[in-house]
Amino acid sequence: RLGSLAAYFTSAKFLLYLGHALSTWGDRMWHFAVSVFLVELYGNSLLLTAVYGLVVAGSVLLLGAIIGDWVDKNSRLKVAQTSLVVQNASVILCGIILMIIFLFKTQLLTLYHGWLLTMCYILVITIANIANLASTATAITIQRDWIVVVAGEDRSKLADMNATIRRIDQLTNILAPMAVGQIMTFGSPMIGCGFISGWNLMSMCVEYLLLWKVYQKTPSLALKSVKFEESELKQLNVKRESDMKPAEGVQLIVEKDVTGFEPQQEKEIGCTARIAEPFITFRDGWVAYYNQPVFLAGMGLAFLYMTVLGFDCITTGYAYTQGLSGSVLSLLMGASAVTGIIGTVAFTWLRRKCGLIRTGLISGVAQLACLVLCAISVFMPGSPLDLTVSPFADISARLFESEPLPTIASPEDKPEIVFATGMPHLINGSTTPANSDPEMNPEPVPLISVSLLFAGVIAARVGLWSFDLTVTQLLQENVVESERGIINGVQNSMNYLLDLLHFIMVILAPNPEAFGLLVLISVSFVAMGHIMYFRFAQKTLGKQLFLCCTPDAKAVPDSSLSGNTS
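Conventions used here
Residues numbered from 1 in each chain as written. Predicted model: local features only at pLDDT ≥ 70, side-chain atom pairs only at ≥ 80, totals over all residues. Heavy atoms only, no water. Helix = DSSP H or I, 4+ residues; strand = E, 2+ residues; numbered from the N terminus. Buried < 20%, exposed > 50% of the residue type's maximum accessible area, 1.4 Å probe, protein only. Contact = heavy atoms within 4.5 Å. Areas by Shrake-Rupley, 256 points an atom, 1.4 Å probe, with all protein chains shown as cover. Core = buried A, V, L, I, M, F, W, Y, C linked by side-chain atoms within 4.5 Å. Salt bridge = Lys/Arg side-chain N within 4 Å of Asp/Glu carboxyl O. Expected span 1.5 Å × (residues − 1). Bend = angle between axes of the 7 residues up to and from the residue. Phe/Tyr/Trp six-rings, centres within 6.5 Å; stacked < 30°, edge-to-face > 60°. Patch = residues over 30% accessible without salt bridge, like charges linked within 9 Å, V, L, I, M, F, W, Y side chains within 5 Å. Axes fitted to C-alpha atoms, helices over the stretch in contact; angles between N-to-C directions. Parallel < 35°, antiparallel > 145°, perpendicular 65-115°, else oblique. Left-handed = near helix turned anticlockwise from the far one by under 90°. Nonpolar A, V, L, I, M, F, W, Y, C, P; charged D, E, K, R; others polar. Disulfide = S-S within 2.5 Å. pLDDT = per-residue confidence, 0-100.

## A closer look at the overall build of the chain
Helix and strand content of the chain: 20 helices and two strands. The burial tally for the chain puts 48% of its 566 residues in the buried class. A separation threshold of at least 6 residues defines the contact pool for the chain, and within that pool the share at least 24 residues apart is 83%. Surface exposure of the chain reaches about 27,500 Å², of which carbon and sulfur atoms provide 67%.

## Observations concerning the environment of Ser188
Relative to the assigned elements, Ser188 resides in the loop between helix H7 (155-186) and helix H8 (189-217). Judged by its relative accessible area of 21%, Ser188 falls in the partly exposed class. Residues Ser188 and Phe102, spaced 86 residues apart in sequence, show a C-alpha to C-alpha distance of 10.0 Å.

## Here we look at the nonpolar core
Counting residues in each nonpolar core, the largest one holds 68 residues, and the members touching the most others are Val308, Leu309, Phe454, Val519 and Tyr533. The greatest single-element share of this core, amounting to 13 residues, is contributed by helix H18 (residues 448-478). Excluding residues that lie within four positions of it along the chain, Leu309 makes contacts with Thr315, Leu371, Cys374, Leu453, Val457, Val519, Ser522 and Val523.

## A word on the pattern of salt bridges
Within the structure shown, the criterion is met by nine salt bridges. Where Glu277 meets Lys73, a salt bridge forms, and the shortest distance between an N and an O atom there is 3.9 Å. Of the two residues, Glu277 sits in helix H12 (residues 263-290) while Lys73 sits in helix H3 (residues 47-73), which places them 204 residues apart along the sequence. When its relative accessible area of 37% is taken as the criterion, Glu277 is described as partly exposed. Classification of Lys73 by relative accessible area gives partly exposed; the value is 46%. Between Arg166 and Asp169 there is a salt bridge, and its shortest N-O distance comes to 3.6 Å. Of this pair, Arg166 and Asp169 both sit in helix H7, three residues apart, which is roughly one turn of that helix. The pair Arg166 / Asp169 is uniform in exposure class, with both members buried. If you follow the salt bridges from partner to partner, you end up with Arg76, Asp145, Glu481 and Arg484 in one network.

## With respect to the side chain of Asp169
Judged by its relative accessible area of 7%, Asp169 falls in the buried class. When near neighbours in sequence (up to four residues on either side) are disregarded, Asp169 contacts His20, Thr24 and Arg28.

## Notes on H3
The α-helix advances 3.6 residues per turn, and as a result positions three or four apart in sequence lie on the same side. Between its terminal C-alpha atoms H3 stretches 38 Å, which fits the 39 Å expected from 27 residues at 1.5 Å a residue. In H3, a bend of some 55 degrees at Leu63 exceeds every other bend along the element.

## Describing the packing of aromatic side chains
Under the defined criterion, the tally for this structure stands at 16 aromatic pairs. When the ring of Trp146 is compared with that of Tyr215, the centres are 6.3 Å apart and the planes differ by 40 degrees; the resulting orientation is tilted. Of this pair, Trp146 sits in helix H6 (residues 115-151) while Tyr215 sits in helix H8, placing them 69 residues apart in sequence. Residue Trp146 shares its accessibility class with Tyr215, and that shared class is buried. Ring geometry for Tyr318 versus Phe515: centroids 3.9 Å apart, planes at 10 degrees, classification stacked. With a gap of 197 residues between them, Tyr318 in helix H14 (residues 313-321) and Phe515 in helix H20 (residues 515-541) connect regions that are remote in the sequence.

## Section: a nonpolar patch on the surface
On the surface, Leu2, Leu5, Tyr8 and Phe9 cluster together into a nonpolar patch covering about 420 Å² of accessible area. If you trace the backbone, Leu2 turns up in helix H1 (residues 2-9). Residue classification places Leu2 among the exposed residues on the basis of a relative accessible area of 72%.

## Some details on the packing of helix H16 (residues 356-377) against H20
At a closest axis distance of 10 Å, the pairing of H16 and H20 adopts a crossing angle of 160 degrees. The angle between the axes of H16 and H20 places the two elements in the roughly antiparallel class. In this structure, H16 meets H20 at a crossing whose hand is left-handed. Of the residues in H20, those in contact with Leu356, Ile357, Arg358, Gly360, Leu361, Gly364, Gln367, Leu368, Leu371, Cys374 and Ala375 of H16 are Val519, Leu520, Val523, Val526, Ala527, His530, Tyr533, Phe534, Phe536, Ala537, Thr540 and Leu541. Partitioning the contact of H16 with H20 into residue classes produces 17 nonpolar, five polar and one charged.

## Here's the deal with the side chain of Asp468
Assignment of secondary structure puts Asp468 in helix H18. Here Asp468 is in contact with Arg166 and Leu301, once residues within four sequence places are set aside.

## Considerations on the state of the cysteines
Evaluated as defined, the whole model comprises zero disulfides. The thiol of Cys193 is not disulfide-bonded; the next cysteine sulfur, from Cys94, is found 8.8 Å away.

## Re the environment of Ala288
Summarising the element assignment, Ala288 is placed in helix H12. For Ala288, a relative accessible area of 16% puts it in the buried group.

## Remarks on the confidence of the model for the chain
Predicted confidence across the chain gives a mean pLDDT of 80, with 77% of residues reaching 70 or more. In the model of the chain, helix H11 (residues 249-255) stands out as the element of lowest mean pLDDT, 35, in contrast to helix H13 (residues 295-303), which has the highest, 97. Confidence over residues 228-267 falls short of pLDDT 50; this stretch has 22 contacts with residues more than four positions distant or in other chains. In the predicted structure, residues 553-557 sits below a pLDDT of 50 and forms six contacts with residues beyond four places in sequence or in another chain.

As structure tokens, then:
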């Protein structure tokens, strides 16, 4: 028994889990802290945080396919190690710059009329964005490629590994922000910067070693299929091209560097190709994504990002306007993590009983059934929904009042930041609870509406995470090895695009009276996403779609789409 435990703790699978846990813990701490740092530096304005979110979403949207293509065209170990070093080095550098800003902010504000401080802000956002892009590359190569190779041909093992990865994500999503939040509360933002920089330095060394160990224990990671474009073969010497046979494609690839064009012609072609390459890669990536047999399933997953029904800053801010305290929110977040973990367990059980594609259908129905509670909550007592108030009233007022943009706050105007449940809340800012002033809120807000809302959101996490794992495994199993990077890069871009649209939706209708409309729109987008997946399942399974689950259903190769999509 001890021998089996030792074998497990030294296996490639466990080392991959450990490396992912360290990486995710650092990511969650940084993503939480960087927003707090930007708010702390810019007073009670969320301008820098909004700019950072926009830059991150726009960068992944535009560069997702290019990052994925780079993952495809390079060796696995090189990609993993490079993205790891770039990500952690960027976070460390960002932490050092933030510490300098916190120490010398007053002096920087007086130099060059504050332009030097502005350049520091731009530098922080730029480097933080580079860290996020490197994190995207790491996620693609480890969670979409390495894990498939480590699992081998065993699809049940792949499903179990995917579920374990998601459980790690759920736990770190809650625990990491709480840990760094406590450090920043009892210490200071500067201490928080130093802690995160030190953590990333240590974590980078350990993760680098773990990656090398996994690579050594899994020889198949050294073998990687590379897709060669037909255009690459057309750059050969015309004289030798006519003598070659089509079957000698490998030899053509080897010899094209030896018998090329004249140096000047090669240089011209190389410069033109290098300029056009990013645009061609972007186009080819989206075209390849559209042509995938799992295209509708991927689009269905992306549409689930167009929602306010999650535990992000928007829903948390709305909960505060409805009178929920930080302690209650902490319990709700803990409950959502538990239901998310239940969703990963349900995924593995349903997949064994009903097959992969049917698991996605069942998960979608379960999520939509729970979200019905959210739609009902809009019309319950306590809901601030008021159709007589224009959703755009708040933004219209801001545009026509022509208020000056907020400037850097002085120390006495700086809002107090409380790290309840590991999430930052501005006490003197815009996310103050509506019932914090008894004169403004003499009567307590009925909790029926908000209770139904969060009951639906928490219960829907079971179906959400089970569906997410279903689509993830469909992409892993049905995208060819040479295109895994670029297809998953485009999938990340689609996810960020819909996530960006949901933030734009909130910016256009930020008042609480319009939140009910945002809930209904969110439920509609989730429904459209599952309709897309239903269409995908219908095309894939055909007549088997409406068969009941049977004990031997797991033997049906419903996750293999070859020959089933026509």
